[in-house]
Amino acid sequence: MSDVPQDATGWRRAVLLLPRLRIQNANAISSPMTWGFPAMTAFLGATTALERRLGPDAGIRFYGVGVVCHGFEPQVTTGGHTRSFRLTRNPILPNGNTAAIVEEGRVHLDVTLVLDVELSGVHAAAKVDAVDERKALAERIAHVVQGMRIAGGSVMPALSGGRRAAPPLLELLAEEGTDDASQQFRRLMRRCLPGFALVARDDLLQARLQALREADVDATPLDAWLDLSRLTFRAHLVKHTKADGSVDERVEWRTDSRDGWLVPIPLGFAGLSALHEPGTVAGARDATTPLRFVEGVYGIGQWISPHRLRRFEDLFWSADYDEALNLYRCSNGFKPSPSAVPSTAVSES
């Protein structure tokens, strides 16, 4: 790998790979309108918690995270078409009455986390002896992660097929745009196979909204979001000419084509009120942090195999704040290749 330029502050960009984390009983209800894979806010929150546990003396900063899912096991009933969560019965109340059951969705996950980080000091050196320092730091981080909760779930011992999973990897990124960078990215993505990475497809949501408004000018972003989130069946009249010249007509139900494995996802929060001073809102859990009332923000995501990605920006998610819009959301830099873009807006998902 080629030497990586060092900025004026002595920090260098690197990537941290935490392979095959087994997370038990993660939260499967990520928003009031979606369920399934945990929201990206949960994984970004885990990186923030990890950075705080390591402390400023660790010489590492976290900026983003990519998630590759290898296994997804929702804790739901399996009989029939209707699914319901497997709920726990809580202990009885002090007065002997039965406690109410609060629905909690849980899922067991097998994921690989790819973190966008920066290193300083000896960890950021390009010398051979710094490799051991980065290896030691990666092992320390993996040990800390084992004692954390991710998306509300417990991190279990790292086993894969009865054997110990691959060790964590922390290495400097090659200079962007070079052949070394492309080779490095492909090599790391091969370590994430088989699996699927979650990326944002805001472009498909905008295209579907435009297509809906061509038929109905009153169509809203919610209509486009719901249209992409469902499987749509349409009746098609099929005519077949028999040998005697008669025409046989029948109706076939067909599913609208979808451009990939698309899913509705929560992306963050939009502010509903002004920012209140700490301690001025009754009942707040934190009396030292400013508080703002918010509502959920939603978008469309796509599960895609890591080997189809082209750069780390396609994989990484980061937390962004738009002060003008009071918008707190997770952003992803995925850009589809020209060959993957549908030819018509109507067929985009």
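Placed above this text is the structure.
In this text the structure is predicted, and so the values were computed from the model without any measurement.

Enquirer: Give a detailed account of the overall build of the protein chain, specifying residues and quantitative values.
Expert: Across its full length, the protein chain holds 6 helices and 15 strands. Its C-alpha atoms give the protein chain principal-axis dimensions of about 85 × 70 × 50 Å. Per-residue burial over the protein chain gives 39% buried out of 349 residues. For the protein chain, long-range pairs separated by at least 24 residues make up 71% of all intrachain contacts whose partners lie at least 6 apart in sequence. Treating the 39 positive side-chain charges of the protein chain as one cloud and the 41 negative ones as another, the clouds have centres 7 Å apart.

Enquirer: Mind laying out unusual backbone geometry, listing which residues take part and the relevant values?
Expert: With omega at -10°, the peptide bond leading from Leu 193 into Pro 194 counts as cis. Looking at the element boundaries, Pro 194 is found in the loop between helix 3 (179-190) and strand 9 (196-200). The phi torsion at Asn 25 lies on the positive side, around 60°, for a residue other than glycine. Residue class for Asn 25 comes out partly exposed when judged on its relative accessible area of 30%.

Enquirer: Give a detailed account of the pairing of strand 10 (residues 233-241), specifying residues and quantitative values.
Expert: Summarising the sheet, strand 10 and strand 11 (residues 247-255) pair through 9 bridges and their orientation is antiparallel. When the sheet's bridge partners are listed, Arg 234 is paired in strand 11 with Arg 254. Here strand 10 folds back onto strand 11, and the loop between the two strands holds 5 residues, one of which, Gly 245, carries a positive phi near 95°.

Enquirer: Kindly report on the pattern of salt bridges, identifying the contributing residues and their values.
Expert: Oppositely charged side chains may form a pair once their charged atoms are brought near each other. Within the structure shown, the criterion is met by 15 salt bridges. When the shortest N-O distance is used, the salt bridge between Asp 110 and Arg 20 registers 3.0 Å. On the criterion of sequence distance, the pair formed by Asp 110 in strand 3 (residues 106-119) and Arg 20 in strand 1 (residues 12-27) is long-range, its members being 90 residues apart. Take Asp 110: its relative accessible area is 19%, and that puts it in the buried class. Within this structure, Arg 13, Asp 116 and Glu 313 form a network of salt bridges that share partners.

Enquirer: So what about the nonpolar core? Which residues, and what values?
Expert: Core analysis: the largest hydrophobic core is formed by 49 residues, its most contacted members being Leu 113 and Ile 150. Only strand 1, helix 1 (40-54), strand 2 (60-74), strand 3, helix 2 (129-146), strand 8 (169-172), strand 9 and strand 12 (261-271) provide two or more residues apiece to this core. It is strand 3 that contributes the most residues to this core, 7 residues altogether. Apart from the residues within four sequence positions on either side, Leu 113 is in contact with Leu 16, Leu 17, Leu 18, Leu 21, Phe 43, Val 65, Gly 66, Val 67 and Ile 150. Membership of the second largest hydrophobic core comes to 18 residues, among which are Leu 17, Phe 185, Leu 188 and Phe 312.

Enquirer: How would you summarise helix 1 if you had to cite specific residues and measurements?
Expert: Taking 1.5 Å per residue, 15 residues should reach 21 Å; helix 1 reaches 21 Å between its end C-alpha atoms and fits that length. Within helix 1 the residues assigned to the buried category are Met 40, Phe 43, Leu 44, Ala 46, Thr 47, Leu 50 and Leu 54. The arc that holds every buried residue of helix 1, seen down its axis, measures 150°, which confines them to one face. Exposed and facing more than 90 degrees away from the buried side of helix 1 are Arg 52 and Arg 53. Of the residues trailing helix 1, Gly 55 is marked for its positive phi of about 85°.

Enquirer: Tell me about the pairing of strand 8, and name the residues and values.
Expert: Where burial is concerned, the two faces of strand 8 agree: the one with Leu 169 and Glu 171 and the one with Leu 170 and Leu 172 are both buried. Pairing of strand 1 with strand 8, which is carried by 4 bridges, proceeds in the antiparallel orientation. Looking at strand 8, one finds that Leu 17 is bridged to Leu 169.

Enquirer: Before we move on, can you summarise the state of the cysteines with the specific residues and values?
Expert: This structure, assessed with the given rule, holds 0 disulfides. The thiol of Cys 69 is unpaired, and the distance to the nearest cysteine sulfur, on Cys 192, comes to 12 Å. Take Cys 192: its relative accessible area is 0%, and that puts it in the buried class.

Enquirer: How would you sum up the packing of helix 4 (residues 202-215) against helix 5 (residues 221-229)? Please name residues and give values.
Expert: Where helix 4 contacts helix 5, the two axes come as close as 9 Å, and the packing angle between them is 110°. Considering their axes alone, helix 4 and helix 5 lie roughly perpendicular with respect to each other. As helix 4 packs across helix 5, the resulting crossing turns out to be right-handed. Only Pro 221, Asp 223, Ala 224, Trp 225, Asp 227 and Leu 228 of helix 5 make contact with helix 4, whose side of the interface consists of Leu 204, Leu 205, Arg 208, Leu 209, Leu 212 and Arg 213. Here the residues of the contact of helix 4 with helix 5 are counted per class, giving 8 nonpolar, no polar and 4 charged.

What counts as what
Residues numbered from 1 in each chain as written. Predicted model: local features only at pLDDT ≥ 70, side-chain atom pairs only at ≥ 80, totals over all residues. Heavy atoms only, no water. Helix = DSSP H or I, 4+ residues; strand = E, 2+ residues; numbered from the N terminus. Buried < 20%, exposed > 50% of the residue type's maximum accessible area, 1.4 Å probe, protein only. Contact = heavy atoms within 4.5 Å. Lys, Arg positive; Asp, Glu negative; His and termini not counted. Charge placed at Lys NZ, Arg CZ, Asp CG, Glu CD. Pairing = 2+ DSSP bridges. Salt bridge = Lys/Arg side-chain N within 4 Å of Asp/Glu carboxyl O. Core = buried A, V, L, I, M, F, W, Y, C linked by side-chain atoms within 4.5 Å. Expected span 1.5 Å × (residues − 1). Arc of directions from axis to C-beta. Disulfide = S-S within 2.5 Å. Axes fitted to C-alpha atoms, helices over the stretch in contact; angles between N-to-C directions. Parallel < 35°, antiparallel > 145°, perpendicular 65-115°, else oblique. Left-handed = near helix turned anticlockwise from the far one by under 90°. Nonpolar A, V, L, I, M, F, W, Y, C, P; charged D, E, K, R; others polar.

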